[in-house]
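# Report on the structure
Single-letter residue listing:
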Amino acid sequence: MQSILQKYLLLGLRSGCRMKDYVFVKPGMSPKDIVKTVRSLEGVCLTSTGMRDAGQSDYKNRHRIYDLLTLAPHYNRMGLFSAECHGGARWHVGIMNRRESPFDEIDLLRELMPDVLLQTLIRETNLWGYRPYPKNVIEYVAARVDVDVWRCFSFLNDVRNMRAVAEVVMKRGKLFEPTISFTVAEWTTNDYYLGVVQEIVDLCGGIEEIILCIKDMAGVGSIKRIGELIDAIKQKFPELVIQYHRHSTDGLALPAYLSAAQAGAKIFDVEEDSLVRFYGQPPILGVQAYFEESVIPVNLNRKEAEAAVQKVRDWIGHYEWAESPFKGYDHTVILHKMPGGAFPSSFEQADKGGFLHFMPAILKVMSLYNKIVHYFDVTPGSQITWVTCSGIVNRYAKEKGEAGVRHLIKLLSKFIEEKSLDIASMDKHEQEELLRLFNNAPGDFKNLLLGHYGKLPRGWPPDWVYRSTFGDEWENKIKERIELSPLDSLDDDDIEKFRKELSDTLGRIPTEEEFILYLMHPKDAFGMIEFREKYGEAPLVLPTNVWREGLKNHGDRVEFELWGKPYCVELVSVGAEHEGLIHVVMRVNNKTRVYTVETPRAKKVEIRMAKAPHDIAAPITGNVWRIGNPERGILRAGDIVHKREEIANLEAMKMENAIVAPFDGHVIEVCVKLNDAVIEGQLLFILEKI
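In this report, we go over the structure that sits alongside the text.

About the thresholds
Residues numbered from 1 in each chain as written. Predicted model: local features only at pLDDT ≥ 70, side-chain atom pairs only at ≥ 80, totals over all residues. Heavy atoms only, no water. Axes fitted to C-alpha atoms, helices over the stretch in contact; angles between N-to-C directions. Helix = DSSP H or I, 4+ residues; strand = E, 2+ residues; numbered from the N terminus. Parallel < 35°, antiparallel > 145°, perpendicular 65-115°, else oblique. Contact = heavy atoms within 4.5 Å. Nonpolar A, V, L, I, M, F, W, Y, C, P; charged D, E, K, R; others polar. Pairing = 2+ DSSP bridges. Buried < 20%, exposed > 50% of the residue type's maximum accessible area, 1.4 Å probe, protein only. Right-handed = clockwise from strand over helix to strand, strands pointing away. Core = buried A, V, L, I, M, F, W, Y, C linked by side-chain atoms within 4.5 Å. Salt bridge = Lys/Arg side-chain N within 4 Å of Asp/Glu carboxyl O.

## Quick look at the packing of helix α13 (residues 284-293) against helix α14 (residues 302-315)
Packing of α13 against α14 brings their axes to within 10 Å, and their N-to-C directions diverge by 150°. As judged from the angle between their axes, α13 and α14 are roughly antiparallel. For the pair formed by α13 and α14, the contact residues are Ile 284, Leu 285, Gln 288 and Ala 289 on the first element and Arg 302, Ala 305, Glu 306 and Val 309 on the second. Classifying every residue of the contact of α13 with α14 gives five nonpolar, one polar and two charged.

Here is the structure:
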């Protein structure tokens, strides 16, 4: 990795710009000193999200570290409060698609911008995943990741869920940044948010070693509303340092920033102007100019910021394919509240699933749904909302076509807007239809209703939602509902058992970094480890056009240096296709090699669809996450299963979907393997009824 560092350090040295006194906080400072310094700073300062949320919000997290490293020398002299370069879904997509380790990323950035606070985004008990982890796993992982600023939010604003991370981070002497999830609704009053802030202050033992973040993840806060909220917080906690994170979707981000600054917010999230599309943060140069013209000083080395903006222009064209097809600002986000990070990935899922044309209807259903079940549409809440609502729309579309979708929206609109959610006031047929609304809801929606993520911010939904979701078992399910935080309701995992499991799978002892990746995302971590064992550090050294498209024409070549040794890979020839196979001749450092490539016409295993009465089908398109269940382990032919026992779990849109046995029976055949991609209706099991 040393040659990679030398390359980018050389880029920084060539800029010829001497560092002035813009850098005011650095790694190694205590949280108390950081807070005190920011508090006394004239005007405001900035966090750049260019390395993390910019890519998540507008480019499906596909920005590669190869390109982002070009920004690091400029960041080091820019005078940022921090660089959000880690966490969120970037961690997961990095190992799943880009084949990059977040640990490599941290190491590289530490070398290239040593004067910048590195910032991560975590989802309290979910950390960088999508489900609650036990307390001992959270403590183990949080103690071993080298990040300076830990921004931590709960999609339920359940502050109890932050406890384990807060304790570990603050004990390590790192800066903890507890975060309020923000939206606009009749129940999200100043009193509500002040109550959340008070819980945060109590958890952290005061305000001297924390910075409070307000996370306006969908960009729905009006100019007036944001100013009022920050003013209310500052009146109660005048010395509390506040950071405002906002997406640009509604088109009003800049005046909202000014309102927040005038009310007392001190730090603002921005990204390079050349990265800005529609769902990320506001542009760094535009924000600086707007504040300065409003007589609010900004701590920013403008020359370096301009250089970073220009540097992005050198490579951003490689990512046009990753942008959302839903173009333009969208002020109706204040209704559907789909956050920036979920927009591109949701459209990608809709496109793959063949229902992209139903996206406007899904967004409308989401705007109605969030008046029935109350939480904040940020991960994992955004995934729960998306999978639930898109599933409902698709069901109506399959049953009755576009007319069915229009009927669904009309039904929900009447129930919510005309009948004020009073199910008894709907006629008999409408009531029956509402009681079928959540029949096929995903497993994570059910877990949400059962309290497995924590307490909902406005209390549990009405009984009819439970009847609709759980059918005849709804009353028993309500009795099973958990009121505790997952930190208190989940048993500790056997960490050493997981380590042995990974060791046995790899055939060697994993590194600590590999093991942590495995604890967060077992399936995808193992896939990345296999990839890196086969291809080494190719993701870090190959230019983005070659990484994505390969070498296209005879004579095309790519040159790079790794560990001080130069490499040259050249495409010599591509043979004719025969029975779905093509032989490709490459020259690697003047040595000729031949590779066999399968085309889509290569012989494939036929996909078996469920047809017989006792065939168990995949209810959705996804990946086989688990065969069996954690209690009994993997299922095999000959095993006996019991009615309502989980027999498999499919992952789709980062959400788990349990498949349960419809009756007591014998397993005649297991028709899929772990990690298989399956389509809706595909045969998973053949059971014989007992």
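## Considerations on the sheet that holds strand β10 (residues 565-574)
With antiparallel pairing, the four strands of this open sheet are ordered in space as β9-β10-β11-β12. The sheet is open, and its two borders are formed by β9 (557-562) and β12 (591-598), each paired with just one other strand. For this sheet the average axis-to-axis angle between neighbouring strands, irrespective of direction, equals 30°. Of the pairings in the sheet, the one linking β10 to strand β11 (residues 581-588) comprises five bridges and is antiparallel in character. What sits directly across from Leu 571, in β11, is Met 586.

## Quick notes on the sheet that holds strand β5 (residues 175-181)
Spatially, the eight strands close up into a barrel ordered β1-β2-β3-β4-β5-β6-β7-β8, and their pairing is parallel. Recorded for the sheet is a direction-independent mean angle of 30° between the axes of neighbouring strands. For strand β6 (residues 212-216) and strand β7 (residues 242-246), the ladder comprises five bridges, and the chain directions are parallel. Bridging from a neighbouring strand, Asp 216 pairs with Arg 246 of β7. Packing against the sheet, helix α6 (residues 88-98) makes contact with β2 (82-87) and β3 (118-122), and its axis sits at approximately 50° to β2. Of the strands in this sheet, β7 and β8 (267-270) touch helix α12 (residues 253-263), which is tilted by about 170° from β7.

## Some remarks on the pairing of β6
The element β6 is largely enclosed, with a buried count of five among its five residues. As paired strands, β5 and β6 are joined by three bridges and run parallel to one another. Looking at β6, one finds that Ser 181 is bridged to Lys 215. Since β5 and β6 lie parallel, the crossover through helix α10 (residues 190-204) that links them has a hand, and here it is right-handed. Taken together, β6, helix α11 (residues 223-236) and β7 form a β-α-β motif whose crossover is right-handed.

## Remarks on the nonpolar core
The biggest cluster of nonpolar side chains holds 189 residues, and the ones touching the most others in it are Val 141, Trp 150, Phe 176, Ile 233, Phe 268, Ile 284 and Phe 291. With 15 residues, helix α18 (residues 381-418) is the largest single contributor of residues to this core. Discounting residues that sit within four places of it in the chain, Trp 150 has contacts with Thr 120, Ile 122, Trp 128, Ala 142, Val 145, Val 165, Val 169, Arg 172, Lys 174, Leu 175, Phe 176 and Glu 177. Ranked by size, the runner-up nonpolar core spans 18 residues in total, among them Val 641, Ile 659, Ala 661 and Val 672.

## As for the pattern of salt bridges
Tallied over the entire structure, the rule returns 44 salt bridges. Between Lys 327 and Glu 323 there is a salt bridge; the shortest N-O distance is 3.5 Å. Given the relative accessible area of 49%, Lys 327 is considered partly exposed. What makes Glu 323 buried here is its relative accessible area of 14%. Here Lys 500 ties to Asp 504 by a salt bridge, and the two come within 2.8 Å at their closest N and O atoms. Here Asp 504 and Lys 500 lie together in helix α24 (residues 495-506), a separation of four residues that amounts to about one turn. Both residues of the pair, Lys 500 and Asp 504, belong to the exposed class.

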